[in-house]
Amino acid sequence: MDNGSDVLYRQALAARRLLDEGRISEAILELENLSAAGEQFSQVTLGWIHDIGKGVAVDTLKAERLYSAAAETGYRVGQYYLGSLLVREHRDAEAVGWFNRAFDQGYAPAGYRLGWMYSQGRGVCRDECIAERYMKMAAEGGHLFAQRWIARRDLSGRNGVLAFARALLFFASVPVLAVRFVSDDSKDPNLAPM
């Protein structure tokens, strides 16, 4: 980040804190100004506000415009959120394209979504091998739901005794993972299952 974008990003984080404190109107005003200046985190956050209707009416068109603005600059989080919105809009093939772009930048949540898309045949031909490959990469990237997906498959026993034992260990460690997740200050919604 250069100095100017670093300052904007810090301002965006401050606006996000306002949002977390319930000062929604103030947060939205700040985020709108930062978004207009091209600050990507603000664009995604403001898109999310309109996407879920946090303090405003749900406006998926506005959310899509904001996510797209961030995504088209190459911002992987914007690409991911745009893909997630497109899935909900049943525009699966477009979503896969955006998830691929985000995943190519190492974004584990996008790998989880791609794995899910391939496991369901949404926007792509259903392919369990490709689904598992994406899920494994997302799991290696620390995505909890991808780890759970792998562990559930391994519990079936079809991947051998070692895989079964790893799955048991994963589920035994879930309370520790839950404490880590709940205590994480990032409040990252990217872990949410589809």
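Preceding block: the structure.
Residues numbered from 1 in each chain as written. Predicted model: local features only at pLDDT ≥ 70, side-chain atom pairs only at ≥ 80, totals over all residues. Heavy atoms only, no water.

S.K.: Give a description of the packing of aromatic side chains that names residues and reports values.
M.R.: What describes a pair of aromatic rings is the distance from one ring centre to the other and the angle between the planes of the rings. By the definition in use, this model includes 7 aromatic pairs. For the ring pair Tyr67 and Tyr81, a centre distance of 5.6 Å and an interplane angle of 40° mean the geometry is tilted. Here Tyr67 is found in helix α4 (residues 60-71), whereas its partner Tyr81 is found in helix α5 (residues 76-88), with 14 residues between them in sequence. Grouping residues by exposure puts Tyr67 and Tyr81 together as buried. Each ring, one from Tyr80 and one from Tyr107, has its centre 5.6 Å from the other, and the planes form 75°; the classification is edge-to-face. On the criterion of sequence distance, the pair formed by Tyr80 in helix α5 and Tyr107 in the loop between α6 (92-104) and α7 (108-120) is long-range, its members being 27 residues apart. Of the two residues, Tyr80 and Tyr107, both sit in the buried class. Taking the ring centre of Trp48 as reference, the NZ or CZ of Arg16 above it sits at 5.1 Å. Stacked on the ring of Trp98, the Lys or Arg Arg101 has its end atom at 4.3 Å from the ring centre. (Phe/Tyr/Trp six-rings, centres within 6.5 Å; stacked < 30°, edge-to-face > 60°. Helix = DSSP H or I, 4+ residues; strand = E, 2+ residues; numbered from the N terminus. Buried < 20%, exposed > 50% of the residue type's maximum accessible area, 1.4 Å probe, protein only. Lys NZ or Arg CZ within 6 Å of the ring centre and 35° of its normal.)

S.K.: Requested: an account of the pattern of salt bridges, with residues and values cited.
M.R.: Applying the stated criterion across every chain, the model contains 10 salt bridges. The closest approach of N and O atoms between Arg126 and Glu128, which form a salt bridge, is 3.0 Å. Given a relative accessible area of 57%, Arg126 falls into the exposed group. The closest approach of N and O atoms between Lys136 and Glu132, which form a salt bridge, is 3.4 Å. One end of the pair, Lys136, and the other, Glu132, are both in helix α8 (residues 128-140), 4 residues apart, so they sit about a helical turn from each other. Among the residues examined, Lys136 registers a relative accessible area of 40% and is labelled partly exposed. Each of Glu21, Arg23 and Glu26 takes part in a single network of salt bridges with overlapping partners. (Salt bridge = Lys/Arg side-chain N within 4 Å of Asp/Glu carboxyl O.)

S.K.: Please give an account of the packing of helix α3 (residues 40-52) against α4 that cites residues and values.
M.R.: For the pair α3 and α4, the least separation of the axes is 8 Å and the interaxial angle reads 160°. In terms of orientation, α3 lies roughly antiparallel with respect to α4. Between α3 and α4 lies a crossing of left-handed hand. Contacts between α3 and α4 involve Gln40, Gln43, Val44, Leu46, Gly47, Trp48, His50 and Asp51 from the former and Thr60, Lys62, Ala63, Leu66, Tyr67, Ala69 and Ala70 from the latter. In terms of residue class, the contact of α3 with α4 is built from 8 nonpolar, 5 polar and 2 charged. (Axes fitted to C-alpha atoms, helices over the stretch in contact; angles between N-to-C directions. Parallel < 35°, antiparallel > 145°, perpendicular 65-115°, else oblique. Left-handed = near helix turned anticlockwise from the far one by under 90°. Contact = heavy atoms within 4.5 Å. Nonpolar A, V, L, I, M, F, W, Y, C, P; charged D, E, K, R; others polar.)

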